[in-house]
Structure formats: C-alpha cells, structure tokens
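Below are the chains, spelled out letter by letter.
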Amino acid sequence: QVQLVESGGGLVQAGGSLRLSCAASGRTLSTDVMGWFRQAPGKEREFVALISWSAGSTVYAASVKGRFSISRDTAKNTVYLQMNSLKPEDTAVYYCNAGAAGHSYWGQGTQVTVSS
C-alpha cells in the first residue's frame with residue numbers, strides 16, 4: 001500500500017509559476033514510476049508528466065512540454081512538478097500517481113487556478 005499526499009496548489013496569474021509536491025509513504029520500495037495527471041471541470045482526467053523512479057527518465061504531455069518540469073528526490077520519496085509560464089487553460093485539479101508492485105495509487109488532488 002502506498003499513500004500519496006499532494007501540496008503546493010494555489011491561485012496564480014497567467015505567466016506565473018507554481019511548484020507541486022507529492023510525498024509518498026507506506027510500501028514505497030517497489031515504486032517504478034510516478035507522475036502527474038490533471039482534471040478540469042467537465043473534462044476527463046489527462047496525463048501531464050511522469051518520471052522513472054530509478055533512472056529519472058521523463059515524459060511530458062505535448063501541452064506542457066517546455067513549460068513544466070518533473071523531478072524527484074529519492075531520499076524523501078517525493079516527486080515535484082515545476083510549472084512555469086502558466087496559462088488559464090492549466091487550471092485543474094492536479095493528481096499525483098504512483099506505480100508500484102503492479103498497482104496504481106492516487107493522491108487526493110490539489111487545485112491549481114490560473115487567472116487571466
């Protein structure tokens with residue numbers, strides 16, 4: 001069992017920056033990949049970014065590539081999402097996801113609102 005707790009969401013103006021954090025606890029030894037998804041009101045949940053836990057390899061959605069950066073701190077079992085040049089269309093609830101031992105775990109989500 002893996003527990004995920006997100007933090008760092010908030011309200012920012014367009015063009016601003018925000019950093020999200022996701023702290024993993026519990027049975028994290030077998031964690032293979034961690035990532036971020038987001039869901040805007042009335043929209044389906046979409047992939048944002050992921051990172052391989054051991055190698056640090058990253059993958060980004062086309063909509064955020066060049067603006068967002070995912071990273072991890074292995075000692076703290078924490079993954080980050082640095083969001084720069086934010087746009088109003090980035091407004092959504094952001095969810096942390098972890099893949100471990102063949103299972104998928106989700107955090108509770110953190111709200112990001114970007115004003116125009």
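Note: the structure precedes this text.
Residues numbered from 1 in each chain as written. Predicted model: local features only at pLDDT ≥ 70, side-chain atom pairs only at ≥ 80, totals over all residues. Heavy atoms only, no water.

(A) Looking closely at the pattern of salt bridges. Under the definition given, this model contains three salt bridges. A salt bridge links Arg38 to Glu46, with the nearest nitrogen and oxygen atoms 2.7 Å apart. Note on Glu46: relative accessible area 35%, which makes it partly exposed. Linking Arg67 and Asp90 is a salt bridge whose minimum nitrogen-to-oxygen distance equals 2.8 Å. Here Asp90 lies in the loop between β8 (78-83) and β9 (92-100) and Arg67 lies in the loop between β6 (58-60) and β7 (68-73), a separation of 23 residues in the sequence. Here the salt bridges share partners, and the residues they tie into one network are Arg38, Glu46, Arg67 and Asp90. (Salt bridge = Lys/Arg side-chain N within 4 Å of Asp/Glu carboxyl O. Buried < 20%, exposed > 50% of the residue type's maximum accessible area, 1.4 Å probe, protein only. Helix = DSSP H or I, 4+ residues; strand = E, 2+ residues; numbered from the N terminus.)

(B) Geometry of the nonpolar core. By size, the foremost hydrophobic cluster in this structure holds 29 residues, and its most contacted members are Leu4, Met34, Trp36, Val79, Leu81, Met83 and Tyr94. Contributions of two or more residues to this core are made by β1 (2-7), β3 (18-26), β4 (31-39), β5 (46-52), β7, β8, β9 and β11 (110-115). It is β9 that provides the largest number of residues to this core, a total of five residues. Beyond its immediate stretch of four places on either side in the chain, Leu4 contacts Cys22, Ala23, Ala24, Met34, Cys96, Asn97, Ala98, Tyr105, Trp106, Gly107 and Gln108. (Core = buried A, V, L, I, M, F, W, Y, C linked by side-chain atoms within 4.5 Å. Contact = heavy atoms within 4.5 Å.)

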